[in-house]
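Coordinate analysis (summary)
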Amino acid sequence: MALRVLFAARDALWSEYESPLTAAFADLGLDVDLARDHAPDVTDYIIYAPHDGLEDFSPYVNCKAIFSLWAGVERIVTNRTLTQPLAKMVNPDLTAGMVEWVTGHVMRHHLGMDRHILDQSGTWDPVVPPLAQDRPVVVLGLGTLGIACAQTLARLGFPVRGWSRRTKSVDGVVCYSGDKGLRIALEGAEIAVLLLPDTPGTTNILNTETLGLLARGAFIINPGRGPLIDDRALLRALGDGQIAHATLDVFRVEPLPKDHPYWAHPKVTVTPHIAAETRPETAAFEVARNLAGFEKGEPLQNLVDRSVGY
Ligand code: NDP
Ligand code: OXD
């Protein structure tokens, strides 16, 4: 009998994913009935992205696993009705997109591009940027995305420090963990990139105290999640010059409300949660491959550890 796979996401995603998922399952020789309306008790798997629909997972008594189309799982991991194993999204296009977005924004600030893009008034004012080797960067979060970004920046010549929950070893990156490690990693860094998940352990990780450890005039780049930053502390630090500019892709409330002070702030760049997009073709293949392996008895890949929330 065909495996019944429920697609639980907003309408627009169904039109993007239906055909790549169908093709990926077929390519892997899986007999799948993919639909948006399987009865809960006959559903074998759920493919999920945050939306206003599915909130109660308890009727899905025969569901073997859930595949998130998002890398960040904070909207589902705290759902108490969820007991099935949950896999987060990892795929090469998502990683490539994040590396490009982070590298672009790091280089913007490193080279001081705004100075010339915004001022073509005829003033000849040569300010030569330092070389990357003289600009320490810290990447908070050394998961799939953090490692890829940290190593790319290291290859460009930046001295890169990274910070994670568990102690790690990453080629080209000086790695830290723990509270003391966080302080050392931040101390004197001129650019901070946030690629942590939103969990109770990471809320307001950038606050008045930790912002104060960075070099004066540092740049913040946050494609991770909004709650990683204490917004009021950041606005104060932008006001007093401790932080020169913040490029923010993610926010506590999305879309960012029109009257939020970030929109009009001259030292803040808001981008609308576009740092890295999960692309249907490769994401569909990753889900299908993971599901096929799990059906064969292999461990679920990219398994979320509920005890730590990511
Ligand atoms: P991973 O789960 O692979 O990595 C998370 C990293 O954060 C790990 O290094 C982990 O440490 C570290 N971490 C988690 N909790 C703590 C803590 N309390 N203290 C220190 N370090 C901690 O995630 P990804 O790299 O795939 O993605 C990172 C985040 O990027 C996502 O959770 C999501 O929020 C965001 N994202 C944003 C997108 C956008 O378009 N803006 C797109 C995709 C993702 P350890 O290595 O020890 O486990
Ligand atoms: C994700 C995201 O988590 O797009 O995948 O933010």
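We now turn to the structure provided with this report. (Residues numbered from 1 in each chain as written. Chains lettered and ligands numbered in written order. Predicted model: local features only at pLDDT ≥ 70, side-chain atom pairs only at ≥ 80, totals over all residues. Heavy atoms only, no water.)

**So, the packing of helix α3 (residues 92–111) against helix α5 (residues 144–155)**
Note the cut-off: A fitted line through C-alpha atoms represents every axis, and for helices the fit uses only the stretch in contact; the resulting angles, taken between N-to-C directions, go from 0 to 180 degrees. Runs of H or I in DSSP of at least four residues are treated as helices and runs of E of at least two as strands, each being numbered from the N terminus. In these notes the angle categories are as follows: under 35 degrees is roughly parallel, over 145 is roughly antiparallel, 65 to 115 is roughly perpendicular, and the rest is oblique. Take the far helix as your reference; a near helix turned counterclockwise from it by less than a right angle gives a left-handed crossing, and one turned clockwise gives a right-handed crossing. Whether two residues are in contact is decided by their heavy atoms, any of which lying within 4.5 Å being enough. Ten residues, namely Ala, Val, Leu, Ile, Met, Phe, Trp, Tyr, Cys and Pro, are considered nonpolar, four, namely Asp, Glu, Lys and Arg, are considered charged, and the remaining ones, Gly among them, are considered polar.
Running from amino to carboxyl end, α3 crosses α5 at an angle of 45°, the nearest separation of the two axes being 9 Å. One way to sum up the angle between α3 and α5 is to call them oblique. Where α3 crosses over α5, the two elements pack in a sense that is right-handed. Note on element contacts: α5 touches α3 through Thr144, Leu145, Ala148, Cys149, Thr152 and Leu153, opposite Leu94, Thr95, Met98, Val99, Val102, Thr103 and Val106. Grouping the amino acids of the contact of α3 with α5 by side-chain chemistry returns nine nonpolar, four polar and no charged.

**Quick look at α5**
The following threshold applies: To estimate how far a helix should extend, the number of its residues minus one is multiplied by 1.5 Å. Buried, partly exposed and exposed residues are distinguished by accessible area as a fraction of the type maximum, computed with a 1.4 Å probe on protein chains only: under 20%, between the cut-offs, and over 50%, respectively.
Between its first and last C-alpha, α5 extends 17 Å over 12 residues, near the 16 Å set by a 1.5 Å rise per residue. Restricting attention to buried positions, one finds in α5 the residues Leu145, Gly146, Ala148, Cys149, Ala150, Thr152 and Leu153. Backbone geometry just downstream of α5 places Gly157 in the positive-phi region, at approximately 115°.

**Structural notes on the pairing of strand β2 (residues 32–35)**
Counted only if it meets this: Paired strands are those between which DSSP finds at least two bridges. Crossover handedness is defined here as right-handed if the route from the first strand over the helix to the second strand goes clockwise, with the strands pointing away from the viewer.
Summarising the sheet, strand β1 (residues 3–8) and β2 pair through four bridges and their orientation is parallel. The partner of Leu6 across the bridge, within β2, is Ala35. Handedness of the β-α-β unit built from β1, helix α1 (residues 11–27) and β2 comes out right-handed.

**Looking at empty space enclosed by the protein**
As a reminder, the rule being used: Definitions used for this entry: grid spacing 1 Å over protein atoms alone; cavity, a set of points where a 1.4 Å probe fits but cannot get out; pocket, an open set with protein on both sides within 12 Å along at least 5 of 7 lines; lining residue, one with an atom within 4 Å of a point. Grid points are joined across faces, edges and corners, and a volume is the space filled by probe spheres set on the points.
Applying the stated criterion to the full structure yields one cavity of 30 Å³ or more. Here the largest cavity defines a volume of roughly 70 Å³. Together, Phe67, Ser68, Ala87, Lys88, Met89, Val90, Glu286, Val287, Arg289, Asn290 and Asn302 line the largest cavity. Looking at the lining of the largest cavity, the elements that each hand over two or more residues are β4 (65–68) and α10 (280–295). In terms of residue count, α10 provides more of the lining of the largest cavity than any other element does, four residues in total. Partitioning the lining of the largest cavity into residue classes produces five nonpolar, three polar and three charged.

**As for the side chain of Thr269**
Under the convention used in this document: Identification of polar contacts relies on pairs of N or O atoms within 3.5 Å, with a donor-acceptor requirement for protein atoms, meaning one able to donate a hydrogen and the other able to accept it, and with residues adjacent in sequence counted only if both atoms are side-chain atoms.
One can find Thr269 in strand β12 (residues 268–270). Here Arg108 takes part through its side chain, which lies 2.8 Å from a polar atom of the side chain of Thr269. In this view, Thr269 contacts Arg108, His245, Ala246, Thr247 and Leu248; residues no more than four positions away in its chain are not counted.

**Focus on unusual backbone geometry**
Each neighbour pair has its own omega, and for Glu254 with Pro255 the value is -5°, a cis peptide bond. Note that Pro255 resides in the loop between β11 (243–248) and α9 (261–264).

**Details of the sheet that holds β11**
The parallel open sheet is built from seven strands, whose spatial order is β8-β7-β6-β9-β10-β11-β12. Where the open sheet ends on each side, the last strands, each with one partner, are β8 (173–177) and β12. On average, each strand axis in the sheet is inclined to that of its neighbour by 15°, with strand direction left out of account. Two strands pair when backbone bridges link them, and strand β6 (residues 137–140) and strand β7 (residues 160–164) are joined in this way by four bridges, in the parallel orientation. Each residue of the ladder has a partner; that of Val137, found in β7, is Val160. Together, β6, β7 and β8 form the strand contacts of helix α6 (residues 178–186), whose direction differs from that of β7 by roughly 155°. Contacts from helix α8 (residues 231–239) reach β10 (218–222), β11 and β12, with the element oriented near 140° to β11.

**Some remarks on the site of ligand 1**
Stated precisely, the cut-off is as follows: In this text, near means that some heavy atom of the residue lies within 4 Å of the molecule or strand in question. With residues, only the protein chains shown are counted as cover, and all accessible areas are computed by Shrake-Rupley using a 1.4 Å probe. Segment limits for the domains were obtained from an automatic or database-derived domain assignment.
In the neighbourhood of ligand 1, 29 residues make up the surrounding shell, with Lys88, Leu142, Arg166, Lys168 and Tyr310 lying closest. Between an oxygen atom of ligand 1 and a main-chain N or O atom of Gly224, the distance comes to 3.3 Å. Within the complex, the protein chains bury 94% of what would otherwise be the 940 Å² of accessible surface of ligand 1. Listed by contribution, the elements that provide at least two residues to the shell around ligand 1 are α5 and β7. Sort the elements by how many residues they give to the shell around ligand 1 and α5 lands first, with three residues. Taken together, the residues that form the shell around ligand 1 break down as 13 nonpolar, 10 polar and six charged. Residue-level mapping places the shell around ligand 1 at the junction of two domains, with at least three residues from each of domain 1 (3–91 + 278–295) and domain 2 (92–270).

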